[in-house]
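# Fold and geometry: a report
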Amino acid sequence: MEVDKNNFEEYLPKIEESISKADFVAIDTEFTGLNLNDETKNSLFDTIEERYNKHRRSVHQFTISQIGISAFVKENERYVAHSYNMYLFPASFGPVDVRFMVQASSYEFQRRYDFDFNKYVYSGISFMNEEQEKQVKTFIKRKEITAGVERDVDENLVQDVCSEVAEWYSRAAVGDSHTVLKNDGTRKLKYNYVFENEIKNRYGDVWTSTDNDRNIVVTKITHEEKAERENKQKADSSELFNSLIGFRRVFLALVKHQKPLIGHNMLLDLLLIFDKFHKPLPAHYKDFQEEIHRIFPLIIDTKSIATHLIKKKLDLRFNSTLGGLYHVFRSAAGQNFVIHSPVIAHGEDFTIYSNETYLPHEAGYDAYMCGYCFLRMCHILTFSDVKSTEVVPCTFSRYLNEIKPFHNKINMIRASINSLDLSGSSKEPQRPLVFVQSKTASFQLSAYKLAKEFSKFGTVDIKLQSKSRALVATGNIYCARDLVKFYKNDKRMSVHHYSKWRHSPYSKPALWTGVILSGGMCLWALWSSKKNNT
């Protein structure tokens, strides 16, 4: 289902209902950029804190352009997907005027998959985080919006409208009404709020309202009646306020119901969702980890499950990309790899992705694919080692219990560890390192040349320590093993498995310092002993 700012209020109750009824909710985001600069690119050397700080810098500068939510509801022994695709565009109002960057390659990628940039800008649902929401609420209550220096409206038009009201007011009787500003379909709700407040402040005994077509109507009333109406009116103008916080209301529904949250390769999705709808990302990973786990106690990354299934070397061949997974699990072989695989269907009002539609990198469709693959993989993990005669239709709670090893384990792309644990400390072994040293003074090491030469063995990143020494992070133990074996007799450089004590530039000085100190202490002890004896 496509949702934009024009139908958001209409569909919001339905979205909230889908979330409340769901067994789990799958999500996906599209965004305006990926890397702020070369310093924020992923590296196999990255620790969790380093990677978090890189992403944090980028997330602060980029924004979400589209979000997909697919709520999977169990109905009569089948899972029914309620999928929503929503364009988002940040709100600007009073003190909140978001600035964000765009990475050309990201827009090129979205254009390749028919991303509708006009719909994004003109019909994107507004959103804010908690901090921005508080700023706007305070701004509205103080009525600062009526100050000309604070408002983004045509002041000449404001003056023209007030002049028209003045002319009408001079001859109007109590109870008379007049339409002063007709809606042409482009004026935003916040501008109506500016005009109405300006008119009320200039003319004592008038009341403004908007009709069904959002035209501004002025009515002359008594002073007593105006005071009574103002007492009843909410200070924060709830309609305006709700339109400004927009998608944050969906986010709050997700937090309220705390359904299992499913995504694919979802670290960046989580960071963006946290920063744009909840709070600005904290300075340290530990604070983020504790807070994200508090608001979403169960998060599951299908990339981690897929990587595990690939290692099991099942007869079902697939790669770990979302599109690759969906293609395999959507096939007859994938659906019947284990009998009694769950039946998955689209909801009655959610047919946009039915009839074999394939819309990769549309957030709503990617969210649906993610939820679909999640259920298929849950079933395989639950029954892959069980005799076919013992396989039975399965409850969702059993699926969750069987995949406990993957609870809150989020895949790390090209980092020192494979995944991080949002529920506690991440204790995975680090990726294997290789130490390289040139054998002659004439052969100087170059990060670019080493990366080019070593990349044929697998994924590598290079960290030069000097012109003669380098540390190489490898994607897996096989890459490290092959490098050491291949360059065993190389005349230019030696390649060994990295040992902290043998190869660290700090280990030998530390070792000699220890030797000297311990030797000194022994000599001092001997001297003291000899002195006492004499």
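Note: the structure precedes this text.
Predicted model, so just to flag it, every value in this text is computed and none were measured.

### Remarks on the overall build of the protein
Check the secondary structure of the protein and you find 21 helices and 18 strands. Here the protein, with 534 residues, has 48% of them falling under the buried criterion. Long-range pairs, those at least 24 residues apart, make up 71% of the contacts in the protein with a sequence separation of at least 6. Surface exposure of the protein reaches about 27600 Å², of which carbon and sulfur atoms provide 51%.

### Examining the side chain of S43
Position of S43 relative to the elements: it lies in the loop between β2 (24-31) and α2 (48-61). With a relative accessible area of 15%, S43 lands in the buried category. Discounting residues that sit within four places of it in the chain, S43 has contacts with R51, K54, R414, A415, S416 and D461.

### So, the pattern of salt bridges
Throughout the structure, instances matching the rule amount to 21 salt bridges. Taking the shortest distance from any N to any O, the salt bridge between K41 and D38 comes out at 3.3 Å. Residue R481 is joined to D482 by a salt bridge in which the shortest nitrogen-to-oxygen separation is 3.3 Å. For R481, a relative accessible area of 46% corresponds to the partly exposed category. Among the residues examined, D482 registers a relative accessible area of 28% and is labelled partly exposed. Through salt bridges with shared partners, a single network forms among D46, R51 and K54.

### Concerning the packing of aromatic side chains
The tally for this structure, following the rule as stated, stands at 35 aromatic pairs. Their ring planes at 55° and their centres at 5.1 Å tell us that F109 and Y113 sit as a pair that is tilted. Residue Y113 is classed as partly exposed on the basis of its relative accessible area of 35%. Ring geometry for Y365 versus Y368: centroids 6.4 Å apart, planes at 45°, classification tilted. Linking Y365 with Y368, this pair stays in helix α16 (residues 363-383), spanning 3 residues, or about one helical turn. The same class applies to Y365 as to Y368, namely buried. Just above the ring of F45 sits the side chain of K463; from NZ or CZ to the centre is 4.4 Å.

### A word on the sheet that holds strand β7 (residues 177-181)
Across the sheet, which stays open at both edges, the 3 strands sit in the order β7-β9-β8 with antiparallel pairing between neighbours. One side of each edge strand has no neighbouring strand; the edge strands of this open sheet are β7 and β8 (206-210). The average angle at which neighbouring strand axes cross in this sheet is 30°, direction not considered. When β8 meets strand β9 (residues 216-220), the two strands line up antiparallel, connected through 5 bridges. If you follow V206 over to β9, its bridge partner there is K220.

The rules behind each value
Residues numbered from 1 in each chain as written. Predicted model: local features only at pLDDT ≥ 70, side-chain atom pairs only at ≥ 80, totals over all residues. Heavy atoms only, no water. Helix = DSSP H or I, 4+ residues; strand = E, 2+ residues; numbered from the N terminus. Buried < 20%, exposed > 50% of the residue type's maximum accessible area, 1.4 Å probe, protein only. Contact = heavy atoms within 4.5 Å. Areas by Shrake-Rupley, 256 points an atom, 1.4 Å probe, with all protein chains shown as cover. Salt bridge = Lys/Arg side-chain N within 4 Å of Asp/Glu carboxyl O. Phe/Tyr/Trp six-rings, centres within 6.5 Å; stacked < 30°, edge-to-face > 60°. Lys NZ or Arg CZ within 6 Å of the ring centre and 35° of its normal. Pairing = 2+ DSSP bridges. Axes fitted to C-alpha atoms, helices over the stretch in contact; angles between N-to-C directions.

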